[in-house]
Amino acid sequence: MPHGGAEHWTYGPLFAPYTETGRDNDVITVAGLPPGPVVVQLDVRGDGYTGLWVLDRRNKEKDNLVNSTEEDFRGRLLATVPSHGTLRLKLQAEGPWQVQVSPLASAHRLTEEEAEFRGPEVLLHTGGVADLAVHYRGDDNLIVHVYELAEHDDPTTLPRYENAVNEIGKRRETVPLPEGPLVVQFEMADGPWRARLKRLQPPTRPLPPAPPGASAPVPFAAPGAPAWPDKGPEPGARRNWFSRGRD
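Quick summary incoming for the structure in this document.

The next point concerns the pattern of salt bridges. In the structure shown here, the tally under the stated rule is eleven salt bridges. Put simply, Glu-116 and Arg-137 hold a salt bridge, and the shortest N to O gap is 2.7 Å. In this pair, Glu-116 sits in strand 10 (residues 115-118) while Arg-137 sits in the loop between strand 12 (130-136) and strand 13 (141-148), placing the two residues 21 residues apart along the sequence. The exposure class of Arg-137 is partly exposed, given its relative accessible area of 28%. One salt bridge in this structure joins Arg-194 and Glu-116, with 3.8 Å as the shortest N-O distance. Note that Arg-194 is positioned in strand 17 (residues 192-198) and Glu-116 in strand 10, a separation of 78 residues in sequence. Where salt bridges share partners, they join Glu-114, Glu-116, Arg-137 and Arg-194 into one cluster.

Structure follows, in structure tokens:
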């Protein structure tokens, strides 16, 4: 499935991905980000409870991104960087973890080729009207939201979503999608699942114009890359700090 290339996606800020690793409960601060929607990938190695919240200016929990008891949690989540450019995340976890913050442009594209996923996910649809076929093999809630961007002209925010799926347990779903560009958010998905487009039609309108600086995007890390390389920094090491963001 295609992924990452900003030349096919012009919505939201562009920046070099940020990665931090650690162990157990922590607060992650990423400063110097452009305001707008981003993808947060969380990988936790362990069998305890995993929770992730966005903190507001008062250091209070604002948006709950993860609430899971799944072993070895993995998910790609949708968050919005506030206007002051600092994203703060409160993490509750048992064991080593890795957090990566990437542009929305790093998300996988939906295509007619079936792709395998596990856990929450953020997907992009940039084609014409289509049907989204999903085969869900988890046991708990499957919740899917669709954000339609065509009439939304503020790239620092997301429009209101439409809920497409809210079911429990293993199932097959086919969801009609309007023409892109769309963000398709699998907000909750506790196990493996597959997705592909059916009856995809050609788009009838161009993608939104590129924001300033989008003509020469930086390369993005591939979604789905191994979170635990055989060699590298031990959990707890911090890397890829932004020069503007280190405390």
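And the narrative resumes.
Quick look at the sheet that holds strand 7 (residues 87-92) now. Sheet architecture is open: four strands sit in the order 2-7-4-5, paired in antiparallel fashion. With one partner strand each, in any of the chains shown, strand 2 (26-30) and strand 5 (61-68) form the two edges of the open sheet. For this sheet, the mean angle separating the axes of adjacent strands, direction not counted, is 20°.

Glancing now at the environment of Glu-116. C-alpha of Glu-116 to C-alpha of His-135: the two residues are 19 residues apart in sequence and 9.6 Å apart in space. When neighbours within four sequence positions are excluded, Glu-116 is seen to be in contact with Arg-137, Trp-193 and Arg-194. Of note is the side chain of Glu-116, whose polar atom sits 2.7 Å from the side chain of Arg-137.

Turning our eyes to something else, we now look at a negative patch on the surface. A surface patch of negative charge is lined by Asp-24, Asp-47, Glu-71, Asp-72 and Glu-94. Relative to the helices and strands, Asp-72 is located in the loop between strand 5 and strand 6 (74-81).

Another aspect to go through is the sheet that holds strand 16 (residues 182-188). Overall, mixed pairing links the five strands, which are arranged 9-11-16-13-14 in an open sheet. Looking along the sheet, the strands with just one partner apiece sit at the ends: strand 9 (108-109) and strand 14 (162-168). Direction of pairing for strand 13 relative to strand 16: antiparallel, over a ladder of six bridges. Directly across from Ile-143, in strand 16, lies its bridge partner Met-188.

Thresholds applied
Residues numbered from 1 in each chain as written. Predicted model: local features only at pLDDT ≥ 70, side-chain atom pairs only at ≥ 80, totals over all residues. Heavy atoms only, no water. Salt bridge = Lys/Arg side-chain N within 4 Å of Asp/Glu carboxyl O. Helix = DSSP H or I, 4+ residues; strand = E, 2+ residues; numbered from the N terminus. Buried < 20%, exposed > 50% of the residue type's maximum accessible area, 1.4 Å probe, protein only. Pairing = 2+ DSSP bridges. Axes fitted to C-alpha atoms, helices over the stretch in contact; angles between N-to-C directions. Contact = heavy atoms within 4.5 Å. Polar contact = N/O pair within 3.5 Å; in protein donor to acceptor, adjacent residues only side chain to side chain. Patch = residues over 30% accessible without salt bridge, like charges linked within 9 Å, V, L, I, M, F, W, Y side chains within 5 Å. Areas by Shrake-Rupley, 256 points an atom, 1.4 Å probe, with all protein chains shown as cover. Lys, Arg positive; Asp, Glu negative; His and termini not counted. Charge placed at Lys NZ, Arg CZ, Asp CG, Glu CD.

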